[in-house]
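The primary structure of each chain is shown beneath.
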Amino acid sequence: GAVVSQHPSWVICKSGTSVKIECRSLDFQATTMFWYRQFPKQSLMLMATSNEGSKATYEQGVEKDKFLINHASLTLSTLTVTSAHPEDSSFYICSASSARAYEQYFGPGTRLTVT
Amino acid sequence: QKEVEQDPGPLSVPEGAIVSLNCTYSNSAFQYFMWYRQYSRKGPELLMYTYSSGNKEDGRFTAQVDKSSKYISLFIRDSQPSDSATYLCAMRRGDYKLSFGAGTTVTVRA
């Protein structure tokens, strides 16, 4: 149980374009989803927290207009990187929690490369 | 000072050895402590979850929490090459937000 998937697993895009990453909870209802980014050999950095049907809460220093988060259903959240630039290249990981427990279950991650 | 300190290693051990990992933290409000394993280019996988001070064992893995010293440890007995990964400690207060350590990269040599 508690499986979280992400799509795509990797994506390459050109500078200035937008990329959408999907995060799905496959066997439970995720009332809260989280988006992290991870640079090589570094730990996870929380970008934002989203609750189903509400606006996401962004961490300090994260541009909400650049990283658009939508949590429209209890099983799906999306992260859109708008006008991507090479410095946005990173490993993006989502996680999900149900209303019953605070534990977070992580997706496999999406590697974004902006050329 | 970071909230959670973890030596990034790398740590290399021979197969069958005991792997010892640890983290220290500064926020006494942390109540829940976790260890995650992350293989290269994959998401973190929850290994151990503890709430109170003391030991918790699960197969070859033992997690220790010492709240008085703000110190947590993970031991892996009879290590295998498949245990080669990055191990992240994480902790939280009573809400969702996790604070992660930097991760320790472990290599178990066959």
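For clarity, every value in this text was computed on a predicted model and none was experimentally measured. (Residues numbered from 1 in each chain as written. Chains lettered and ligands numbered in written order. Predicted model: local features only at pLDDT ≥ 70, side-chain atom pairs only at ≥ 80, totals over all residues. Heavy atoms only, no water.)

Caption draft 1: Structural view of the interface of chain A and chain B. The interface of chain A with chain B comprises 22 residues on the first partner and 18 residues on the second. For the pairing of chain A and chain B, the buried interface totals around 1600 Å² over both sides, and the portion due to carbon and sulfur atoms is 57%. Ranking the residues of chain A by area buried against chain B places Tyr102, Glu103 and Phe106 of chain A at the top, with a combined share of 35%. Where chain A touches chain B, the interface holds two salt bridges. One salt bridge connects Arg92 of chain B with Glu103 of chain A, and the closest N-O pair in it is separated by 2.6 Å. Between chain A and chain B we count six residue pairs in polar contact (both at pLDDT 80 or more) in total. Per-element accounting of the side of chain A that touches chain B gives the leading share, four residues, to strand E4 (residues 32-38) of chain A. Classifying every residue of the side of chain A that touches chain B by side-chain character gives ten nonpolar, nine polar and three charged. (Contact = heavy atoms within 4.5 Å. Buried area = accessible area lost by both parts, 1.4 Å probe. Salt bridge = Lys/Arg side-chain N within 4 Å of Asp/Glu carboxyl O. Polar contact = N/O pair within 3.5 Å; in protein donor to acceptor, adjacent residues only side chain to side chain. Helix = DSSP H or I, 4+ residues; strand = E, 2+ residues; numbered from the N terminus. Nonpolar A, V, L, I, M, F, W, Y, C, P; charged D, E, K, R; others polar.)

Caption draft 2: Inspection of the sheet that holds strand E7 (residues 61-66) of chain B at higher detail. All names here are of chain B. The antiparallel open sheet is built from five strands, whose spatial order is E1-E3-E8-E7-E6. Sheet topology places strand E1 (4-6) and strand E6 (54-58) at the edges, where each strand pairs with a single neighbour. This sheet shows a mean twist of 15 degrees between the axes of neighbouring strands, independent of strand direction. Direction of pairing for strand E3 (residues 19-25) relative to strand E8 (residues 71-76): antiparallel, over a ladder of six bridges. Residue pairing for E8: Ser20 is matched across the bridge by Phe75. (Pairing = 2+ DSSP bridges. Axes fitted to C-alpha atoms, helices over the stretch in contact; angles between N-to-C directions.)

Caption draft 3: A look at the pattern of salt bridges. What the rule picks out here adds up to seven salt bridges over all chains. For Glu59 of chain A, the salt bridge is made with Lys97 of chain B, and the minimal N-O distance between the two is 2.7 Å. Here Glu59 of chain A, found in the loop between strand E6 (57-58) and strand E7 (67-73), pairs with Lys97 of chain B, found in the loop between strand E9 (85-92) and strand E10 (99-100), and the two come from separate chains. You can call Lys97 of chain B partly exposed: its relative accessible area is 38%. Of the charged contacts in the structure, one is a salt bridge between Glu45 of chain B and Arg37 of chain B, with a shortest N-O distance of 3.0 Å. (Buried < 20%, exposed > 50% of the residue type's maximum accessible area, 1.4 Å probe, protein only.)

Caption draft 4: Broad picture of the sheet that holds strand E3 (residues 19-25) of chain A. Residue and element names in this part refer to chain A. Spatially, four strands are ordered E1-E3-E8-E7 in an open sheet, and the strand pairing comes out antiparallel. For this open sheet the edge positions go to strand E1 (4-7) and E7, each flanked by a neighbour on one side alone. If you compare each strand with its neighbour and ignore which way they point, the axes differ by 15 degrees on average. Note that E1 and E3 share four bridges and pair antiparallel.

Caption draft 5: Fine view of the confidence of the model for chain A. With 97% of its residues at a pLDDT of 70 or more, chain A shows a mean pLDDT of 92. Within chain A, E7 of chain A has the poorest average pLDDT of any element, 91, and strand E11 (residues 110-114) of chain A the best, 97. (pLDDT = per-residue confidence, 0-100.)

Caption draft 6: Focus on the state of the cysteines. All names here are of chain B. The final tally for this structure, using the stated rule, is two disulfides over all chains. In this model Cys23 forms its disulfide with Cys89; the gap between the sulfur atoms is 2.0 Å. Because the sign of the S-S torsion sets the handedness, a value of about -105 degrees for the bond joining Cys23 and Cys89 places this disulfide among the left-handed ones. Residue Cys23 is located in strand E3, and its partner Cys89 is located in strand E9; the two are separated by 66 residues in the primary sequence. Judged by its relative accessible area of 0%, Cys89 is buried. (Disulfide = S-S within 2.5 Å.)

Caption draft 7: Expanded view of the packing of aromatic side chains. On inspection of all chains with the given rule, the structure shows eleven aromatic pairs over all chains. Each ring, one from Tyr36 of chain A and one from Phe100 of chain B, has its centre 5.8 Å from the other, and the planes form 90 degrees; the classification is edge-to-face. One end of the pair, Tyr36 of chain A, is in strand E4; the other, Phe100 of chain B, is in strand E10, on a second chain. The exposure classification of Tyr36 of chain A matches that of Phe100 of chain B, with both residues buried. Ring-pair connections join several aromatic residues into one group, and the members of that group are Tyr36 and Phe106 of chain A together with Tyr36 and Phe100 of chain B. Directly above the aromatic system of Tyr51 of chain B lies the positively charged group of Lys67 of chain B, at a separation of 4.9 Å from the ring centroid. (Phe/Tyr/Trp six-rings, centres within 6.5 Å; stacked < 30°, edge-to-face > 60°. Lys NZ or Arg CZ within 6 Å of the ring centre and 35° of its normal.)

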